[in-house]
Amino acid sequence: MKFTALLFSAALLTPALSRPLKGRSIRLRDVDPSLIPEFGVQPGVNPDGTGNCDGVNGANGQPIKIPCACPPDRNQFIADLNANLAAGHVVNNTAVGISFPLDGSTASQLARIEAATVTLQNLEGPGKGCPQAATTFGKQAAAIQAGTASSSPAASSPAASSPVASSPAASSNVAVASGTATSPAVSAPSASSTATGSSSGGVDPALVPQFGVTAGTNPDGTGNCDGVNGANGQPIKIPCACPPDRDLFIQDLNANLAAGHVVNNTVVGISFPIDNSTASQLARIQAATVTLQNLEGPGKGCPQAATTFGAQVAAIRAGGSSSVASSSADSSSVASSSAPANVAAASAPATSSVDPCAEPSDVASPTSIPAPSATASAPSTSSSGGVDPALVPEFGVVAGTNPDGTGNCDGVNGTNGQPILIPCACPPDRDLFIHDLNANLAAGHVVNNTVVGISFPIDNSTASQLARIQAATVTLQNLEGPGKGCPQAATTFGKQVAAIQAAASS
């Protein structure tokens, strides 16, 4: 059952917007606690001395490391869930919707797990909370989808589950008035690119690219595990929770396709053509990529280094593989692609470059910004031609900081408070970077990745400020070729985006 602020008096709204007190008594419209999924995990299990404890098992059969404080106190959690439902969205992450239908349908059971998941993951702020690996929610969702779970959320037992939550998209189609939900159905982008439905609705899972990476591989005790190999031949560190459970991922992909855009990042379009042309195979990988990178909110998900998507893209472009290839990849081959221009309505985002090093909540990845409207001014030029350098975002990171002897240096800090390793050559020389940016703008697209559009509006609107950071980002990530450049973790662009968005919402 979805609640809105209209259902509550001003006296109730005020405390709902702050963290409710532990032990708060149930109000008239609080949800029935018996319908709230059980965590299935105890906090503080097997502490390793670094603040991490054991969560559910990963795909390798080993426990995924989670903060020892997770999961939270259940009474406090329920109070937070009720506050979110009262507001009609996650209070600590207002872009994330929430609903809690009460009937026993499959869609409604999944929506309740989704409501619990987004509450859990945003306990202290946007993307700041406990990971899904601190619960058996993934297993419970899988059991519900398989029809092997009862309607009681407590019926699911602890088991290896996906540590990454299905997005709020999963519940976006819940029909609140009737308390029922409809399964997301994929809209046909065009007559020639209708998505194939599986027996349960949505795209044909056989067409969804395989991750090619197993979650929880070689944990380092700080929450990071091994992803694909980087240019130095060493595995890129990714959150141990990545990649997510495939079934939940496909559910999120279907929800995005049903909406015609990424539900958790609405400016990012998506399409899933089903023919075997190169463009369509690339568009399917693109759809999988943007779903992966926005699982929990704008730019909050798993990095592409948690998959072999980059290698699959390279193979498709070379004419040697289909989009569901799952061979190992060198992250230097990571490339992103936008949907072909002939795919109608839900074209893939112009910006699809991927940060192979960034962790899900490292810094918010910049969202794709539509080209400026006809009323936007032309780019301001400096005395030497090109954009005004004062409008080009500063990197905020110094190249060559704290080299580790393997070619990697420190970038911005990740969610664990430790620097994310980036190539020591990143970020590049600023003057050369601005030169490349101007070349891209002159061409109207990224010269080294022609499917990626670019714009640089000069006014001070939120959209224009974000578009300028986006232009800088796609230039940075494609310095040497498609997807070959510096990761966003070599800059503070993510923090700059978050600051701009925060200023706009205040």
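Keep in mind it's a predicted model, so treat the numbers as computed, not measured.

Asks: Can you explain the overall build of the protein chain? Please cite residues and give values.
Replies: When helices and strands are counted, the protein chain shows ten helices and 14 strands. The burial tally for the protein chain puts 52% of its 506 residues in the buried class. By element, 55% of the accessible surface of the protein chain is carried by carbon and sulfur atoms, the whole surface being about 19600 Å².

Asks: Requested: an account of the nonpolar core, with residues and values cited.
Replies: Within the largest apolar cluster, 33 residues are counted, with the highest numbers of intra-cluster contacts made by Ile36, Phe77, Leu81 and Phe100. Elements with a minimum of two residues in this core: strand 2 (63-67), helix 2 (74-87), helix 3 (106-121) and helix 4 (137-146). Among the elements that take part in this core, helix 3 stands out by supplying six residues, more than any other. Leu207, Ile236, Phe249 and Leu253 belong to the second-largest nonpolar core, a separate cluster that totals 30 residues.

Asks: Residues and numbers for the state of the cysteines, please.
Replies: In the structure shown here, the tally under the stated rule is six disulfides. The disulfide partner of Cys53 is Cys68, and the S-S distance across this bridge is 1.9 Å. Here Cys53 and Cys68 share a disulfide; its torsion about the S-S bond, 90 degrees, makes the bridge right-handed. Here Cys68 lies in the loop between strand 2 and helix 2 and Cys53 lies in strand 1 (residues 52-57), a separation of 15 residues in the sequence.

Asks: Describe unusual backbone geometry, and please don't skip the residues or the numbers.
Replies: The phi torsion of most residues other than glycine is negative, and most of the peptide bonds are trans. For the bond from Cys70 to Pro71, the omega torsion is -5 degrees, close enough to zero to count as cis. If you trace the backbone, Pro71 turns up in the loop between strand 2 and helix 2. Looking along the chain, the bond that leaves Cys242 and enters Pro243 is cis, with omega of -5 degrees. With respect to the element layout, Pro243 can be found in the loop between strand 8 (235-239) and helix 5 (246-259). You will see that Asn46, though not glycine, has its phi angle at about 55 degrees, which is positive.

Asks: I'd like to hear about the pattern of salt bridges, residue by residue, with values.
Replies: Under the criterion given, the structure shown has four salt bridges. Here Glu38 and Arg74 are joined by a salt bridge, their closest N and O atoms 3.6 Å apart. Of the two residues, Glu38 sits in the loop between helix 1 (10-16) and strand 1 while Arg74 sits in helix 2, which places them 36 residues apart along the sequence.

Asks: Can you break down helix 3 residue by residue, with the values?
Replies: With 16 residues, helix 3 should reach 22 Å at 1.5 Å per residue; the first-to-last C-alpha distance of 23 Å fits that figure. In terms of residue burial, helix 3 counts as a mostly covered element, since 15 of its 16 residues are buried.

Asks: So, the packing of aromatic side chains: which residues are in play, and what are the values?
Replies: Under the criterion given, the structure shown has six aromatic pairs. Aromatic side chains Phe39 and Phe137 sit 6.2 Å apart centroid to centroid with 35 degrees between the ring planes, which places their arrangement in the tilted category. Taken together, the positions of Phe39 in the loop between helix 1 and strand 1 and Phe137 in helix 4 put the pair 98 residues apart, joining distant regions of the chain. Residue Phe39 shares its accessibility class with Phe137, and that shared class is buried. Both rings, one in Phe211 and one in Phe309, keep their centres 6.3 Å apart while their planes meet at 35 degrees; by these two values the pair is tilted. One end of the pair, Phe211, is in the loop between strand 6 (180-181) and strand 7 (224-229); the other, Phe309, is in helix 7 (residues 309-318), and 98 residues separate them in sequence.

Asks: Describe the confidence of the model for the protein chain, naming the residues involved and giving the relevant values.
Replies: Low-pLDDT stretches of the model should not have their predicted coordinates read in fine detail. Put simply, the protein chain has an average pLDDT of 72, and 70% of its residues get 70 or more. Mean pLDDT across the elements of the protein chain ranges from a minimum in strand 6, with 28, to a maximum in helix 2, with 92. pLDDT under 50 marks residues 320-384. Its contacts with residues more than four places away, or in other chains, come to 213 contacts.

Asks: Describe the environment of Asp80, naming the residues involved and giving the relevant values.
Replies: Inspection of the secondary structure puts Asp80 in helix 2. Expressed as a C-alpha distance, the spacing of Asp80 and Val90, which sit ten residues apart in the sequence, is 9.0 Å.

Asks: Just give me the short version of the pairing of strand 12 (residues 419-423), but keep the residues and values in it.
Replies: Note on strand geometry: in a regular strand, side chains alternate between the two faces of the sheet. Bridging between strand 11 (residues 408-413) and strand 12 involves four bridges; their strand directions are antiparallel. Residue pairing for strand 12: Asp410 is matched across the bridge by Leu421. The turn joining strand 11 and strand 12, which pair antiparallel and follow one another in sequence, is formed by five residues; a positive phi near 80 degrees is taken by Gly417.

Asks: Requested: an account of helix 10 (residues 493-505), with residues and values cited.
Replies: The terminal C-alpha atoms of helix 10 lie 18 Å apart, and with 13 residues this matches the ideal 18 Å at 1.5 Å per residue to within 8%. Looking at helix 10, one finds that the buried residues are Phe493, Gly494, Val497 and Ile500. The arc that holds the buried residues of helix 10, viewed along the axis, is 125 degrees, so those residues lie on one side. For helix 10, exposure combined with an orientation more than 90 degrees from the buried face picks out Lys495 and Ala503. For helix 10, the elements touching its buried residues are helix 9 (462-477).

Asks: Lay out the environment of Leu476 with the relevant residues and their values.
Replies: Its place among the elements puts Leu476 in helix 9. With a relative accessible area of 0%, Leu476 lands in the buried category. For the pair Leu476 and Ile434, spaced 42 residues apart in the sequence, the C-alpha separation amounts to 9.9 Å. Leu476 has contacts with Phe395, Pro428, Phe433, Gly485, Cys486, Pro487, Gln488, Thr491 and Phe493, leaving out every residue within four places of it along the chain.

Analysis parameters
Residues numbered from 1 in each chain as written. Predicted model: local features only at pLDDT ≥ 70, side-chain atom pairs only at ≥ 80, totals over all residues. Heavy atoms only, no water. Helix = DSSP H or I, 4+ residues; strand = E, 2+ residues; numbered from the N terminus. Buried < 20%, exposed > 50% of the residue type's maximum accessible area, 1.4 Å probe, protein only. Areas by Shrake-Rupley, 256 points an atom, 1.4 Å probe, with all protein chains shown as cover. Core = buried A, V, L, I, M, F, W, Y, C linked by side-chain atoms within 4.5 Å. Disulfide = S-S within 2.5 Å. Salt bridge = Lys/Arg side-chain N within 4 Å of Asp/Glu carboxyl O. Expected span 1.5 Å × (residues − 1). Phe/Tyr/Trp six-rings, centres within 6.5 Å; stacked < 30°, edge-to-face > 60°. pLDDT = per-residue confidence, 0-100. Contact = heavy atoms within 4.5 Å. Pairing = 2+ DSSP bridges. Arc of directions from axis to C-beta.

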